[in-house]
2 protein chains.
Amino acid sequence: MKVAVVGAGAIGGFYGLMLGRAGHEVHFVVRGDYQAIREDGMQLISPSEGDFQLSPVNVYRDVAELPPCDLILVATKTTSNIDLAPQLAKVAAPGSAVVLLQNGFGVEEIFRKQLGPSVHLLGGLCIVSVHREGPGVIHHFGLGALNVGYHSGAAGEQSDVETMIETTFREAGIELSIMPDLITARWQKLVMNIPFSGLTVLLDSGTRALMTHPATRTLVRQLMEEVEAAATLCGRPMPAGYIDEAWAKTDGQPDYQSSMQVDFKAGRPLELDSIYEAPLAAVVAAGGAMPKVEMLYQSLLFLNQRNLQQ
Amino acid sequence: MKVAVVGAGAIGGFYGLMLGRAGHEVHFVVRGDYQAIREDGMQLISPSEGDFQLSPVNVYRDVAELPPCDLILVATKTTSNIDLAPQLAKVAAPGSAVVLLQNGFGVEEIFRKQLGPSVHLLGGLCIVSVHREGPGVIHHFGLGALNVGYHSGAAGEQSDVETMIETTFREAGIELSIMPDLITARWQKLVMNIPFSGLTVLLDSGTRALMTHPATRTLVRQLMEEVEAAATLCGRPMPAGYIDEAWAKTDGQPDYQSSMQVDFKAGRPLELDSIYEAPLAAVVAAGGAMPKVEMLYQSLLFLNQRNLQQ
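1. Thoughts on the overall build of chain A
- Scanning chain A from N- to C-terminus turns up twelve helices and ten strands.
- A compact globule built from 310 residues would reach a C-alpha radius of gyration of about 19 Å, and chain A, at 19 Å, matches this within 12%.
- By principal-axis analysis of the C-alpha atoms, chain A measures approximately 50 × 40 × 40 Å.
- When contacts within chain A are restricted to residue pairs at least 6 apart in sequence, long-range pairs at least 24 apart make up 70% of them.
- Accessible area for chain A stands at about 12,700 Å²; split by element, carbon and sulfur atoms hold 51% of it.
- Charge separation in chain A, taken as the distance between the mean sites of 22 positive and 33 negative side-chain charges, equals 4 Å.

2. A few points about the interface of chain B and chain A
- Between chain B and chain A, the contact holds 24 residues from the first and 24 residues from the second.
- Interface of chain B and chain A: buried area, both sides summed, is about 2,100 Å²; carbon and sulfur atoms make up 68% of it.
- It is Met295, Gln298 and Phe302 of chain B that lose the most area in chain B upon contact with chain A, and together they represent 31% of the buried surface on that side.
- Between Glu294 of chain B and Lys292 of chain A there is a salt bridge, with the nearest N and O atoms lying 2.3 Å from each other.
- At the junction of chain B and chain A, the tally comes to twelve residue pairs in polar contact (both at pLDDT 80 or more).
- Elements represented by at least two residues in the side of chain B that touches chain A include exactly helix H7 (207-212), helix H8 (214-233) and helix H12 (291-309) of chain B.
- The greatest single-element share of the side of chain B that touches chain A, amounting to twelve residues, is contributed by H12 of chain B.

3. Some words on the pattern of salt bridges
All names here are of chain A.
- For the structure on display, the rule yields 26 salt bridges over all chains.
- Ionic pairing is found between Asp33 and Arg132, a salt bridge with its closest N-O pair at 3.1 Å. With a gap of 99 residues between them, Asp33 in the loop between strand E2 (25-29) and helix H2 (34-40) and Arg132 in strand E8 (residues 120-134) connect regions that are remote in the sequence.
- Each of Lys77, Asp263 and Arg268 takes part in a single network of salt bridges with overlapping partners.

4. Some words on the packing of aromatic side chains
All names here are of chain A.
- If you walk through the whole model with that rule in mind, you get eight aromatic pairs over all chains.
- With a centroid separation of 4.9 Å and an interplanar angle of 75°, the aromatic rings of Phe14 and Tyr15 are classed as edge-to-face.
- Taking the relative accessible area as the measure of exposure, Phe14 reaches 2% and is therefore buried.
- Judged by centre distance (4.7 Å) and plane angle (50°), the ring pair of Phe105 and Trp187 falls under tilted. Of this pair, Phe105 sits in the loop between strand E7 (97-100) and helix H4 (107-112) while Trp187 sits in helix H6 (residues 182-202), and the two are 82 residues apart along the sequence. Trp187 shares its class with Phe105; the two are buried.
- Members of the aromatic cluster, each reached through a chain of ring pairs, are Phe14, Tyr15 and Phe169.
- Over the ring of Trp247 we find Arg221; its NZ or CZ atom is 5.3 Å from the centre of that ring.

5. As for the confidence of the model for chain A
- Confidence in the prediction for chain A averages 96 pLDDT; 100% of positions are at 70 or higher.
- Under the prediction, the complex receives an ipTM of 0.91, its pTM being 0.92.

6. Remarks on empty space enclosed by the protein
All names here are of chain B.
- Per the counting criterion, the structure on display carries one cavity of 30 Å³ or more.
- A volume near 30 Å³ is recorded for the largest cavity.
- Lining the largest cavity are Lys77, Asn103, Ser197, Ser259, Met260, Asp263, Glu271 and Ile275.
- Examining the composition of the lining of the largest cavity, we find that three residues originate from one element, helix H10 (residues 259-265), more than from any other.
- Across the lining of the largest cavity, the residue classes tally to two nonpolar, three polar and three charged.

7. Comments concerning the side chain of Gln188 of chain A
All names here are of chain A.
- Inspection of the secondary structure puts Gln188 in helix H6.
- Classification of Gln188 by relative accessible area gives buried; the value is 17%.
- Residues contacting Gln188, with those up to four places away along its chain left out, are Met238, Pro239 and Tyr242.

Conventions we followed
- Residues numbered from 1 in each chain as written.
- Chains lettered and ligands numbered in written order.
- Predicted model: local features only at pLDDT ≥ 70, side-chain atom pairs only at ≥ 80, totals over all residues.
- Heavy atoms only, no water.
- Helix = DSSP H or I, 4+ residues; strand = E, 2+ residues; numbered from the N terminus.
- Rg over C-alpha atoms; globule rule 2.2 N^0.38 Å.
- Contact = heavy atoms within 4.5 Å.
- Areas by Shrake-Rupley, 256 points an atom, 1.4 Å probe, with all protein chains shown as cover.
- Lys, Arg positive; Asp, Glu negative; His and termini not counted.
- Charge placed at Lys NZ, Arg CZ, Asp CG, Glu CD.
- Buried area = accessible area lost by both parts, 1.4 Å probe.
- Salt bridge = Lys/Arg side-chain N within 4 Å of Asp/Glu carboxyl O.
- Polar contact = N/O pair within 3.5 Å; in protein donor to acceptor, adjacent residues only side chain to side chain.
- Phe/Tyr/Trp six-rings, centres within 6.5 Å; stacked < 30°, edge-to-face > 60°.
- Buried < 20%, exposed > 50% of the residue type's maximum accessible area, 1.4 Å probe, protein only.
- Lys NZ or Arg CZ within 6 Å of the ring centre and 35° of its normal.
- pLDDT = per-residue confidence, 0-100.
- 1 Å grid on protein atoms, 1.4 Å probe; cavity = no way out; pocket = protein on both sides within 12 Å on 5 of 7 lines; lining within 4 Å.
- Points joined across faces, edges and corners; volume = space filled by probe spheres on them.
- Nonpolar A, V, L, I, M, F, W, Y, C, P; charged D, E, K, R; others polar.

Laid out in structure tokens, this is it:
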């Protein structure tokens, strides 16, 4: 298999290296880390999977340089999607599968508008604990499952594409599941992402403190309930007790910084488009509202702009 | 007239000094500034009113030391009201008038519960630009009007009390107006206080930046609209166009820090009780909600606690 990976951060690096180790021909498109990866290759550090070195690496600065691939993983920040989608459309061959390993909501729509009709488009939700230690160096702490759902493409080939992807990842040691409903899964992931991505930035706090103070604990719950009600209004109801489970899970977790908080502190743009803007637009289009989610989004737009100007 | 002033910050200092200059016997209760005021007296610096020195000053550390007074001005932060009210009740003589020169909503209820039935209680909204330069030193930049509304007291004496207060302040050079409806006036003042007190703290920003970014500009307007709708629900509708006027006025103002922002930066407790908690409780009791105001309050509770612990 020829595999392209756009973005070699923690997520792209981990799945790309796992596929490379399984013998697939992997091509990475990276920006800032290009020179370092070209010279030193890439490295996976994983207590559970074993360490692995990939060198030399097929690495490019630009999507336009990619050879035709069977599978294209997109693991960049959503903030660059508007620019990336038309570039990717030029190199995604008919019959190939593009899998968006991205956070949030509505990301598939941006790519679908640009991709040819016979290119398969899927979304993936990653359940993995990984960290980019440095250019091309990915530290894997645990987990690794990938839930993939078919979004759109050439009619009649969905099942074949799903099987191809499932087989490829499973043979590479990754627990891949095919989800029957990608959009519902994306709403479900927002139940955690919407409160914690934003509040950790807005209140400059880890998750434990937010879950400890009674006022913010209530606020987290209310934000989750707004997301659940919005999903129902948009025709994607969650299973009964979904929020209670997410809530209990959060209570059991150690303190952590959200990736949005990490981005904020590093002065990078925040993924507000996919985590806030797109779900808010969906619920407004359905005749509803998420007032506290909207206020969080409004506050983050202000903070993000000031942060990028500094 | 014997006048007591509890709190000799900018507001209490200004009105107390103006009454002292007019020849009234003024007694100040202060905390941190006690020693300095006792030794050096108090001073008003005012381009419009002229400078004025009061020395020696009748100054006390404790409300319990006050002699019986005809008029008691309360100009402390609302955060100490719960402790102050029972102390004041012990010294407020029958027939005397207590005027709360405080921000927010619901402050009269806290004092009313403690004061004897024949003590008159009023609320005052100050329209004045003053700054406490140091202990007992008050710099007056402009304005000075005081709008006072009767809250409760001995039946049948309201008119006499209002005339006494009006005469006393007017003769001291202060433009005092009697408001027919104190509660409506307090709701109206919240239209400005609720968005700007909280957002300047939450987003660590002056008012100009908040009114410039389209997202926070919309948010300010939405918070004002929640307050207006809440006032209507609580039976205190505002005049048509009230918010538009407040809006236009804000647009014309230079950048400023809210007093809540000043308190926050100085590590002092925030007046969340009167500006957020009490109006939120009132609207919930009336069967309504102010979701974005509530979220602002929840966030400020978290920030205030962390700020005081640091």
